[in-house]
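Structure at a glance
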Amino acid sequence: MTTHQSETTDRIDHDIAHIGQVMTRMRLLMGRRLIGRLAVQNVAPGLELSHLDVLDAVKRAETTGEVTVGTIAEILRIDPSRASRIVAEMVTRGVIRRKASQADARRIVVVITALGRKLLSEIKAQKLAIVQSIVEDWPAEEVEAFAALFDKFISGFEQKVLPRKD
């Protein structure tokens, strides 16, 4: 191995270690769900993060069909009884409602109300405003490059750690 190759390998090792350290810092921030907490605090102080998770799960799942409490439990990887309790809380708050399935009237599905959609929209706007405030003094080229590279990194991460659905 030449000196140049050794220096390049050392630099890559250093950069990979740095990425690992930054990922740890990010995990701590994400684990505390600071952006979500700030957004909820600003938009709907009475809402809990678990409520936001359910709203997001319903929104994502409704693109593929009707959403049941079981669907929500599966997406959030929680016990169906816990999902049912959260859904009941959210129904009383008026952000989601239950209705009979159009495909099978014996089955109950969950849908987001107009109030729920408004909350999701406002919370998303709050989250984007926080991200915007972080990168507001970055040159446009850096924001564009970061967006592309971050997407590339997360996509690669998903491919490595998430099971394939064949």
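Analysis parameters
Residues numbered from 1 in each chain as written. Predicted model: local features only at pLDDT ≥ 70, side-chain atom pairs only at ≥ 80, totals over all residues. Heavy atoms only, no water. Helix = DSSP H or I, 4+ residues; strand = E, 2+ residues; numbered from the N terminus. Rg over C-alpha atoms; globule rule 2.2 N^0.38 Å. Buried < 20%, exposed > 50% of the residue type's maximum accessible area, 1.4 Å probe, protein only. Contact = heavy atoms within 4.5 Å. Areas by Shrake-Rupley, 256 points an atom, 1.4 Å probe, with all protein chains shown as cover. Salt bridge = Lys/Arg side-chain N within 4 Å of Asp/Glu carboxyl O. Axes fitted to C-alpha atoms, helices over the stretch in contact; angles between N-to-C directions. Parallel < 35°, antiparallel > 145°, perpendicular 65-115°, else oblique. Left-handed = near helix turned anticlockwise from the far one by under 90°. Nonpolar A, V, L, I, M, F, W, Y, C, P; charged D, E, K, R; others polar. Expected span 1.5 Å × (residues − 1). Core = buried A, V, L, I, M, F, W, Y, C linked by side-chain atoms within 4.5 Å. Phe/Tyr/Trp six-rings, centres within 6.5 Å; stacked < 30°, edge-to-face > 60°.

1. Section: the overall build of the chain
- A tally of helices and strands in the chain yields seven helices and two strands.
- Taken over C-alpha atoms, the radius of gyration comes to 21 Å for the chain, far larger than the 15 Å a tight globule of 166 residues would show.
- Judged by the C-alpha coordinates and their principal axes, the chain covers about 70 × 40 × 25 Å.
- The buried share among the 166 residues of the chain stands at 22%.
- Sequence-distant contacts, at least 24 apart, represent 48% of the contacts inside the chain between residues at least 6 apart.
- As presented, the chain carries roughly 12000 Å² of accessible surface, and 57% of it is formed by carbon and sulfur atoms.

2. Focus on the pattern of salt bridges
- Counted under the stated rule, the structure contains six salt bridges.
- The closest approach of N and O atoms between Glu 62 and Arg 117, which form a salt bridge, is 2.9 Å. Here Glu 62 is found in the loop between helix H3 (49-61) and helix H4 (69-76), whereas its partner Arg 117 is found in helix H6 (residues 114-135), with 55 residues between them in sequence.

3. Concerning the side chain of Ser 50
- Among the secondary structure elements, Ser 50 is positioned in helix H3.
- Taking the relative accessible area as the measure of exposure, Ser 50 reaches 15% and is therefore buried.
- Apart from residues lying up to four places away in sequence, Ser 50 is in contact with Arg 82 and Ile 86.

4. Quick look at the packing of H4 against helix H5 (residues 80-93)
- Where H4 contacts H5, the axes come no closer than 8 Å and their chain directions differ by 115°. Considered as vectors, H4 and H5 are oriented roughly perpendicular to each other. Here H4 runs over H5; the crossing is right-handed. Two secondary-structure elements touch here, H4 through Val 69, Ile 72 and Ala 73 and H5 through Pro 80, Ala 83, Ser 84 and Val 87.
- Tallied by class, residues from the contact of H4 with H5 come to six nonpolar, one polar and no charged.

5. So, the side chain of Thr 113
- Looking at the secondary structure, you find Thr 113 in the loop between strand S2 (108-112) and H6.
- Setting aside chain neighbours within four positions, we find Thr 113 in contact with Gly 94, Val 95, Ile 96 and Arg 97.

6. Quick look at unusual backbone geometry
- Here Arg 77, not a glycine, exhibits a phi torsion of approximately 55°, which is positive.
- Looking at the secondary structure, you find Arg 77 in the loop between H4 and H5.

7. Notes on H3
- Over its 13 residues, H3 extends 18 Å from the first C-alpha to the last, a length consistent with the 18 Å expected when each residue adds 1.5 Å.
- For H3, every residue scored as buried is listed here: Leu 49, Ser 50, His 51, Leu 52, Val 54, Leu 55, Ala 57, Val 58 and Ala 61.

8. Quick word on the nonpolar core
- Among the nonpolar cores identified, the biggest contains 24 residues, and Val 54, Val 58, Ile 72, Val 87, Met 90, Ile 96 and Val 110 are the most heavily contacted of them.
- For this core, the leading source of residues is H3, giving six residues.

9. Focus on the packing of H3 against H4
- In contact at an axis separation of 10 Å, H3 and H4 are set at 110° when each is read in the N-to-C sense. One way to sum up the angle between H3 and H4 is to call them roughly perpendicular. Between H3 and H4, the residues in contact are Asp 53, Val 54, Ala 57, Val 58, Arg 60 and Ala 61 and Thr 71, Ile 72, Ile 75 and Leu 76, respectively.
- Residues that form the contact of H3 with H4 fall into these classes: seven nonpolar, one polar and two charged.

10. Some thoughts on the packing of aromatic side chains
- Using the criterion set out here, one finds three aromatic pairs in the structure.
- Between Trp 138 and Phe 146, the ring centres sit 5.6 Å apart and the planes meet at 85°, which makes this aromatic pair edge-to-face.
- A residue is classified by how much of its surface remains accessible, and Phe 146, at 42% relative accessible area, is partly exposed.
- An angle of 15° between the planes, with centres 5.3 Å apart, marks the rings of Phe 146 and Phe 150 as stacked. A residue pair is termed a helical-turn pair when its members lie 3 or 4 positions apart in one helix, as Phe 146 and Phe 150 do in helix H7 (residues 140-161) at four residues.

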